[in-house]
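In case you want the letters, here they are:
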Amino acid sequence: MTQYSLFATCPRGLETALSEELTAQGCKDIRPTDGGVSCKGTLEQVYRINLHSRTASRVLLQLTKGSYRDEKDIYTLARNIRWSQWFKLEQTFKVKVEGRRARVKSLDFVGLKIKDAVCDAFRETHQARPDVAKIRPDIRIHAFVSEDSVRIFIDTSGEALFKRGYRQDSGEAPLRENLAAGLLLLAGYDGSQPFQDPFCGSGTIAIEAAWIATGRAPGLMRRFGFEKLQGFDKALWTAIRREAEQQIRFQTAAPIEGSDNDRYMIRTAQTNAQAAEVDGLIRWQVCDAQAARPNGENGIMIANPPYGVRLAEVQALQALYPQLGTWLKQHYAGWLVGMFTGDRDMPKLMRLSPKRKIPLYNGNIDCRLFLMDMVKGSNR
């Protein structure tokens, strides 16, 4: 099978976790960069990464790469791609351009040039041009423009991969599913340890934990962009999906629990868990974080506690942190606790010292995952 140059994007800070997933799928020449990982792989690996990766946001397949002096050069590069090998005239498309230190008038203008190139290529071969669709296009084309080169990709994912296909209602500002899975993987969670999230909100982290614990591929409930590409191998894809379905275990080796003091959020979490087919595997309860107790020995807790934006919220939360520190030390000795927050002072205010501080971005918010080994004893 042909080897393609691929680029899998991910939330910044998860590049190492994503590299490990690409290695597991047999990709070659794996190179992490900021916000993603480049590698070489076949179409079979493209299908597998989309289905199995817990941390990727998109899997992009490179169609061309070249240097440019101005926008005309970018047009020529795009014009020389044999677009009708990839999609049909009847399909809609959309172009997205990103750049870093790009020497162009505007990235929007580059997007227009690439769109013109695609339409002109079709006009030459089919005497007609495909339509552009802003919302839900069949085909997504991505371009990355750097200081001296441009790379043009076709998107094999379609909707971003964090959209697992089960979510009914996210509640307020949900944590994206691939970031939630990344937090679990960074903490070393593999389903063999008891798991708790005492600030579970709409249940995202606990549901990802249940999927990890049962070996469930995160893409089984959704469709992908590659299914609309020319040359899509339906038989191969059916076999890959069937294999993934057969790998699902129907119970977990250790308990998984989510709790929150908001009754409405717990109802939302239960609905989401039902849609994700793990409702029987997670115990939900309405309770204050400090009322939670361990559901086993040497477990892992991962939580994304609320962090304030307005000063009054920040002050209220910072008054709560020492109490949380005391609660963890009293009850969770032997556990690994991961707090994911935008508040850098959290461990200090909890009077705990993290063994690792992992920088991550939640959207554009610069956050940290503080990993702390709980040792019994009084707060220092």
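Residues numbered from 1 in each chain as written. Predicted model: local features only at pLDDT ≥ 70, side-chain atom pairs only at ≥ 80, totals over all residues. Heavy atoms only, no water.

An unreviewed UniProt entry annotates the chain as Class I SAM-dependent RNA methyltransferase originating from Neisseria zalophi.

From N to C terminus, the chain includes ten helices and 14 strands. Here the C-alpha radius of gyration of the chain, 23 Å, is about what a compact globule of 380 residues would show, namely 21 Å. With the C-alpha coordinates aligned to their principal axes, the bounding extent of the chain is approximately 75 × 45 × 40 Å. Buried positions account for 52% of the 380 residues belonging to the chain. Across the chain, the fraction of contacts at a sequence separation of at least 24, relative to all contacts at a separation of at least 6, is 78%. (Helix = DSSP H or I, 4+ residues; strand = E, 2+ residues; numbered from the N terminus. Rg over C-alpha atoms; globule rule 2.2 N^0.38 Å. Buried < 20%, exposed > 50% of the residue type's maximum accessible area, 1.4 Å probe, protein only. Contact = heavy atoms within 4.5 Å.)

At R136, a residue that is not glycine, the phi angle is positive and equals roughly 50 degrees. Along the polypeptide, R136 turns up in the loop between α4 (107-126) and β6 (139-145). Residue classification places R136 among the exposed residues on the basis of a relative accessible area of 66%. If you check the backbone angles, N298 has positive phi at about 50 degrees while not being a glycine.

Note: strands within a sheet are paired through backbone hydrogen bonds, in either parallel or antiparallel orientation. Spatially, β10-β9-β8-β11-β12-β14-β13 is the arrangement adopted by the seven strands of the open sheet, whose pairing is mixed. Looking at which strands have only one partner, the edges of the open sheet turn out to be β10 (282-286) and β13 (356-362). Mean inter-strand twist for the sheet, computed between neighbouring axes without regard to direction, equals 20 degrees. Taken together, the six bridges between strand β12 (residues 336-341) and strand β14 (residues 365-373) define a ladder with antiparallel strand orientation. Within β14, the position partnered with F340 by the bridge is L369. Those strands touched by helix α5 (residues 177-186) are β8 (195-197), β11 (300-303), β12, β13 and β14, and its axis lies near 170 degrees from that of β13. Contacts between helix α6 (residues 204-213) and the sheet are confined to β8, β9 (256-260), β10 and β11, with β10 contributing the most and set at about 165 degrees to the helix. (Pairing = 2+ DSSP bridges. Axes fitted to C-alpha atoms, helices over the stretch in contact; angles between N-to-C directions.)

Our focus in this paragraph is the pattern of salt bridges. Enumeration according to the criterion identifies 25 salt bridges in this entry. Across the salt bridge formed by K72 and D70, the nearest N and O atoms sit 3.8 Å from each other. Two residues, R223 and E227, come together in a salt bridge whose shortest N-O distance is 2.8 Å. Among the residues examined, E227 registers a relative accessible area of 17% and is labelled buried. In this structure, a network of salt bridges that share partners links the residues D29, R31 and K40. (Salt bridge = Lys/Arg side-chain N within 4 Å of Asp/Glu carboxyl O.)

Of all hydrophobic cores here, the largest spans 91 residues; its most connected members are W83, I114, I141 and F195. Tallying contributions element by element places α6 first for this core, with eight residues. Looking at which domains feed residues into this core, each of domain 1 (4-155) and domain 2 (177-218 + 249-374) supplies at least three. Ignoring any residue separated from it by four or fewer positions in sequence, one finds W83 in contact with L63, A78, V118, A121, F122, I141 and I152. Grouped together as the second largest cluster of nonpolar side chains are 20 residues, F199, W327, W335 and L352 included. (Core = buried A, V, L, I, M, F, W, Y, C linked by side-chain atoms within 4.5 Å. Domains from an automatic or database assignment.)

As enumerated under the stated definition, the model contains one cavity of 30 Å³ or more in all. When its volume is computed, the largest cavity comes out at roughly 40 Å³. Lining the largest cavity are D138, I139, R140, D155, G158, G225 and L229. Across the lining of the largest cavity, the residue classes tally to two nonpolar, two polar and three charged. (1 Å grid on protein atoms, 1.4 Å probe; cavity = no way out; pocket = protein on both sides within 12 Å on 5 of 7 lines; lining within 4 Å. Points joined across faces, edges and corners; volume = space filled by probe spheres on them. Nonpolar A, V, L, I, M, F, W, Y, C, P; charged D, E, K, R; others polar.)

Sheet topology note: the strand β2 (residues 28-33)/strand β3 (residues 36-41) ladder contains four bridges and is antiparallel. Bridged to T33 within β3 is G36. Where β2 hands over to β3, the hairpin turn is made up of two residues, of which G35 adopts a positive phi near 85 degrees.

Counting buried positions along α5 gives nine out of ten residues, so the element sits mostly inside the fold. For α5, the full list of buried residues reads E177, N178, L179, A180, A181, G182, L183, L184 and L186. In this fold, the buried residues of α5 make contact with β8, α6, β11, β12, β13 and β14.

Further remarks concern the side chain of E21. Here E21 is to be found in helix α1 (residues 15-24). Within the buried set, E21 has no salt-bridge partner at all; the shortest N-O distance to an opposite charge, 5.1 Å, is to R54. Setting aside residues no more than four positions away along its own chain, E21 makes contact with H52, S53, R54, T55, A56 and L185. (Lys, Arg positive; Asp, Glu negative; His and termini not counted.)

One frequent convention defines the size of an interface as the accessible area lost when the parts assemble. Along its sequence, the chain is carved into domain 1 (4-155) and domain 2 (177-218 + 249-374). With twelve residues of domain 1 at the contact, the number on the domain 2 side is 16 residues. For the pair domain 1 and domain 2, the summed buried area comes to about 1,100 Å², and 63% of that belongs to carbon and sulfur atoms. The largest contributions to the domain 1 side of the interface with domain 2 come from R12, L14 and R54, which together make up 58% of the buried area. (Buried area = accessible area lost by both parts, 1.4 Å probe.)

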